[in-house]
Amino acid sequence: MTKICVKLFSTPTIEKDHEKIFLPFRKAEALFYYLVVQQQATRDELVNLLWGEVEEETAKKNLRHAMYKIRKVFDMDIIISPQKSIVMLNPEISIESDLKVFLQDEENNIEAYKGEFLQGFLVKDAEDFENWISQTRETYRDLYITKLYKRINEYIENQEENLVEQYTKLLIHVDAFNERAYRILMEIYKNQGNYNKAIDIYHRLCEVLEQELGITPDNKTKEIFEEILMVQDSKDNHSKDNLEEFFYGRNKEIQMLNKNFKDFIEEKTFKSMIITGEAGIGKTKLKDKVLQKFKQKDVYLLQSNCYQAEEEYFLKPWNTIFTMLFAEIKGEKINIPPLWRNILASMFPVFAIDDTPIHVNMVEELNQYKYRVMEEAVIGLFKRLSQKKKVVIVFEDLQWIDTMSLSLLNSILLQNDRKNIFFIGTCRDVYLSKIDGFMTKMKKYDVMEEIYLPRFAPSEVADFIYKALPNMKTNEIIAREIYRETEGNTFFIMEYLNSIKEKGNFEKITPKMQDILKSRFLEISKETKKLLNIISLFFDKASLDILQRLMDKDELEVMNIIEELQDKRIIMEIEESDKISFQFTHSKLREFIYMQQSSAMRRVLHSKVASILEDQLKHENMDKLIYSKLIYHFSNAGDKINTLKYSIKNVNTYMDFTHEVIPVLNDTTPQKREILHVGEKELVKYLQDIEVQVKDLSNQMNPSKEMTKLQIEFFHIMGRYLIAEGEYEKGIHYIEEMIQASKAIGEYEYTLRGYRQMINYCIQTHNIEKMQHYVEEGLQLSGKHSYPKEEGILLRLKGLNKMMEGQYQQAEEFLKQSINIFKEISRFDDKYLLNIAAAYNYIGEIRRYNMMFSSALSYYDKAMMICDEQKIIKGLTMFNTNAGQAAFDMGDYDRAKDYFQKAIVYYRQLEVLWGRSIAEGYMALLLVREGQYKEALQYLKGAEVYARKLKSPYEMGLIYRIMAEIRVMMKKNKDLNKVFYQYLRLEVKDYCRTGIAFLSEVKDSYEKEIMKVFIKDTSN
């Protein structure tokens, strides 16, 4: 007997005796499927269903043709018409279908539903048929859901949880928005104790609803989720042995943190998080609970603390981050460019500890890389690391962060490619305006969300007590009393409960929090109390080696005492790669112990700590990490002179004045100093604080050489700051004070530094006569007292002075003398090689001014070779630009382009303005010669912007010289004229006259003669 099988759910198929049958066209197939479902239909019904758009006669003819084709394919009368108006399937032929099983077989009906009714089956020009499919599909889908619920309820009643899970997943598969199904599944997992699965299911629902409908789950679902979280917390907490590990509530906050972290890991849209609230509210505890999951993931987890004692010291929290990062870089052998490492080492000493020399510019002291360069290196480093693994950055107590650290964090979080960096911060809710501004910006760009932790309500406190101490009997009165004393603050609640746990009952609740805190430290030995007093001196952490020295005990004895405090959850160990350190489990415990000591005792102990830390100084780059600690301890010890000493060292470390490597000869505009992107107010306040310290000590102490040296260093700092700020009169006064004071006590190195500062001032203001005076004074002093390095620098500067006078032959002689001195010095110390490069560059400039271009290029190349060998790029901006000009003016355009291209690459890396307009302007001219007019226009526009920013007469003059030459070419080149017409609208003579006016402020500029030729040629 022939067996016909029809599958209507999922992709439809027809089989005859286990072989697939394919009907010749879609409408014949549609006709057959319709009859399988309906069994019979009228001819008019079928005509309207499938051929409603054509005339009736044609439609009926099409129906007869379709019936004929179906019979022919089946090779039997599977469709018959017992009456003229009726069409039906032949009842004598057995036709099995999954639809029949679905509708009639209670045991197998669900299994028959393999997918949507006639899934993917489409028929052109048959709108009524399409509507029928849609309605039928929905009907069977709803029926399937009803059958699933019936089956699920049966299994729930029979407690067959595995089958409930199986059929509920089928329900979710067919109806992704069915929250009831999700709730059933969550309940199943909760009953099984599989809380993480339940939480994952909830997050999947949230994601589906948010992405598809833009809504959140309803309250019933949320309630079940929160209940699951509470049960999970309760189970976790009850399984722990001590109260300190207990965690209560904050379910919504945990959910928000976990969701964002999950989205971060899964490459979805996420937000970084900042947790705010009062001190002791549980910010750190919440952060730590969430970080437990982070540690299970393959990420770089970088954590740091911000401390109030270090709020004014730049980049302190980042030093901890980069110390951790450096360990990862070494451990995983991640390659970072030498330039990045060099730049980072100037601010983060850990990058300089691997026997890698730091190439700091020694031509002028304190010439570190600008903040922008360091920032780009940091962002580049994070991008490179995050390609290997995602990065999680955590800052505790963000309210104490310094301005520069906050600026760097801001840049990292707002970078274009930030998908691989996740930030979590904790911050007190009484944060300053700088944090408010930071958070406003983060929220504006939708990259951060704030989680505020309020105090617990009375009912929550009662629940807190019950869950924390489930074996103790409590009542409403006790709960109200604890709430009244703690006001719902988590730290104080926990202190109360610790006290109660120690007593074993709720009797005699002490009314004052001070007494509660005292109870934590009862029954501890005298030696233990001494150790606590010492650890409380440290605002961050106390290392084991320092504790040993202060306690005068060996490591084992100290560790035995510490273990007692760890058992009481008063002290915790801090993981560090190179040493063991300890700190209080909460800052309030530290504050309490610290304030219990007499002020005299605190001063003595602070002094001892400061002495130990001072012994750790190695007179190298890493020392800067200790300065803030020394200031803190010496200040609290009442040691004003050492406080001042290290305050000056600290500000010297982080101030960056833009004294160029090779000051620009042709410019009379004073340079504007750039501080490392720190807030002006913070820097000024820091300097004012140091000034107050200097004045106070000068009034209180008898004159001494030590005090005078500190005054000299202060005069130097203030003088450089004020001169760079443009307040020349005040600045010069400080430098003159410095020079006189240093001479008086025979500290001639300070005198020479003062002379060099005055020389730099003279270069900036183009005061040639005064510059000559200080150069001669410096040379006389350096020769008399045998300071060869200073003599070499001063000879170079004397050469520069002669260049400024136009005495080029004498200038070159002095420059060569400087080179010879530094060549000799460099046999033993290569950090002064850049002085040789600077002198070569000056000689190159002399040759260029005298139009000896080929000779000039040889000297520029020598300067650049030194920079390349030493991996120093800062001088390369100017050296390549000068060489490019020389090559251009001698007509070697290919060589000129090569120099300018290199210069532009370096300018983009360093964000330096000096000379950039020259490089980009000449590049525009070269591109015009090559026919690349649109690109040339962009370069010329950029060059003009840079020149106007700098306000340099020389650079403005050169830009007009370039504009004039392009304008000349426009007259003979229509294509060039079409591109530049809107930008260069003036006549050639106008550009030339403006350029000549600018260059008239500059001595010996041959470019003026070029423009005079342009004027003459256009006049003829």
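Fair warning: this is a prediction, and the values are worked out from it, not measured in the lab.

Quick notes on a nonpolar patch on the surface
Residues Phe177, Leu213 and Ile215 make up a contiguous nonpolar surface patch of about 260 Å² in total accessible area. You can see Ile215 is positioned in the loop between α9 (195–212) and α10 (219–238). We classify Ile215 as partly exposed; its relative accessible area is 39%.

A short note on unusual backbone geometry
Phi at Asp125 is positive, roughly 55 degrees, even though this residue is not glycine. Mapping Asp125 onto the fold places it in the loop between α5 (109–112) and α6 (127–157). Positive phi, normally seen in glycine, also occurs at Ser786, with a value near 55 degrees. Locating Ser786 in the fold gives a position in the loop between α33 (768–784) and α34 (788–805). Taking the relative accessible area as the measure of exposure, Ser786 reaches 57% and is therefore exposed.

Side note on the packing of aromatic side chains
Tallied over the entire structure, the rule returns 49 aromatic pairs. Between Tyr202 and Phe225, the ring centres sit 3.9 Å apart and the planes meet at 10 degrees, which makes this aromatic pair stacked. Of the two residues, Tyr202 is situated in helix α9 and Phe225 in helix α10; the sequence distance between them amounts to 23 residues. There is no split in this pair, since Tyr202 and Phe225 are both buried. Ring centres of Tyr960 and Tyr991 lie 6.2 Å apart, and the angle between their planes is 35 degrees; this geometry places the pair in the tilted category. Here Tyr960, found in helix α42 (residues 953–970), pairs with Tyr991, found in helix α44 (residues 988–999); they are 31 residues apart in sequence, far enough to count as distant. As far as burial versus exposure is concerned, Tyr960 and Tyr991 are alike and both buried. Between Lys147 and the ring centre of Phe102, over which it is positioned, the NZ or CZ distance is 5.5 Å.

Side note on the UniProt feature "repeat: TPR" (unreviewed entry) in the protein chain
The UniProt record marks residues 179–212 with the feature "repeat: TPR" (unreviewed entry), using the residue numbering of this structure. As annotated, residues 179–212 has a helix share of 94% and a strand share of 0%, and its two end C-alpha atoms lie 14 Å apart.

Describing the packing of helix α18 (residues 458–468) against helix α19 (residues 476–486)
The geometry of α18 relative to α19 is characterised by a closest axis approach of 9 Å and an angle of 115 degrees between their N-to-C directions. Taken together, the axes of α18 and α19 are roughly perpendicular relative to one another. Seen along the crossing, α18 lies across α19 with a hand that is right-handed. Seen from α18, the contacting residues are Pro458, Val461, Ala462 and Ile465; seen from α19, they are Ala479, Ile482 and Tyr483. For the contact of α18 with α19, the class distribution of residues is seven nonpolar, no polar and no charged.

Section: the state of the cysteines
Summed over the entire model, instances satisfying the criterion amount to zero disulfides. For the unlinked cysteine Cys306, the closest cysteine sulfur is that of Cys427, found at 9.0 Å. Overall, Cys306 belongs to the buried group, its relative accessible area being 2%.

With respect to the environment of Arg967
Considering the arrangement of structural elements, one finds Arg967 in helix α42. Residue class for Arg967 comes out buried when judged on its relative accessible area of 9%. Counting along the chain gives 18 residues from Arg967 to Arg985, while the straight-line C-alpha distance between them is 8.7 Å.

Considering the nonpolar core
In terms of nonpolar packing, the biggest core is built from 173 residues, with Leu531, Leu532, Leu547, Ile966 and Phe980 touching the most fellow members. When residues no more than four places from it in sequence are discounted, the contact partners of Ile966 are Leu925, Val928, Leu940, Leu976, Phe980 and Leu984.

Observations concerning the pairing of strand β11 (residues 421–428)
Looking along a regular strand, one sees the side chains alternate between the two faces of the sheet. β11 sits mainly inside the fold: seven of its eight residues count as buried. Where strand β8 (residues 272–277) and β11 come together, five bridges link them in parallel fashion. Across the sheet, residue Thr276 finds its bridge partner in β11, namely Cys427. In this structure, strand β10 (residues 390–396) lies alongside β11, joined through five bridges in parallel fashion. Within β11, the position partnered with Val394 by the bridge is Ile424.

Details of the side chain of Ser917
Among the structural elements, Ser917 can be located in helix α40 (residues 916–929). The contacts of Ser917, once residues within four sequence positions are left out, are Ala943, Tyr946, Ala947, Glu955 and Ile959.

Analysis parameters
- Residues numbered from 1 in each chain as written.
- Predicted model: local features only at pLDDT ≥ 70, side-chain atom pairs only at ≥ 80, totals over all residues.
- Heavy atoms only, no water.
- Patch = residues over 30% accessible without salt bridge, like charges linked within 9 Å, V, L, I, M, F, W, Y side chains within 5 Å.
- Areas by Shrake-Rupley, 256 points an atom, 1.4 Å probe, with all protein chains shown as cover.
- Salt bridge = Lys/Arg side-chain N within 4 Å of Asp/Glu carboxyl O.
- Helix = DSSP H or I, 4+ residues; strand = E, 2+ residues; numbered from the N terminus.
- Buried < 20%, exposed > 50% of the residue type's maximum accessible area, 1.4 Å probe, protein only.
- Phe/Tyr/Trp six-rings, centres within 6.5 Å; stacked < 30°, edge-to-face > 60°.
- Lys NZ or Arg CZ within 6 Å of the ring centre and 35° of its normal.
- UniProt positions renumbered as here; feature names shortened; annotations may be inferred.
- Axes fitted to C-alpha atoms, helices over the stretch in contact; angles between N-to-C directions.
- Parallel < 35°, antiparallel > 145°, perpendicular 65-115°, else oblique.
- Left-handed = near helix turned anticlockwise from the far one by under 90°.
- Contact = heavy atoms within 4.5 Å.
- Nonpolar A, V, L, I, M, F, W, Y, C, P; charged D, E, K, R; others polar.
- Disulfide = S-S within 2.5 Å.
- Core = buried A, V, L, I, M, F, W, Y, C linked by side-chain atoms within 4.5 Å.
- Pairing = 2+ DSSP bridges.

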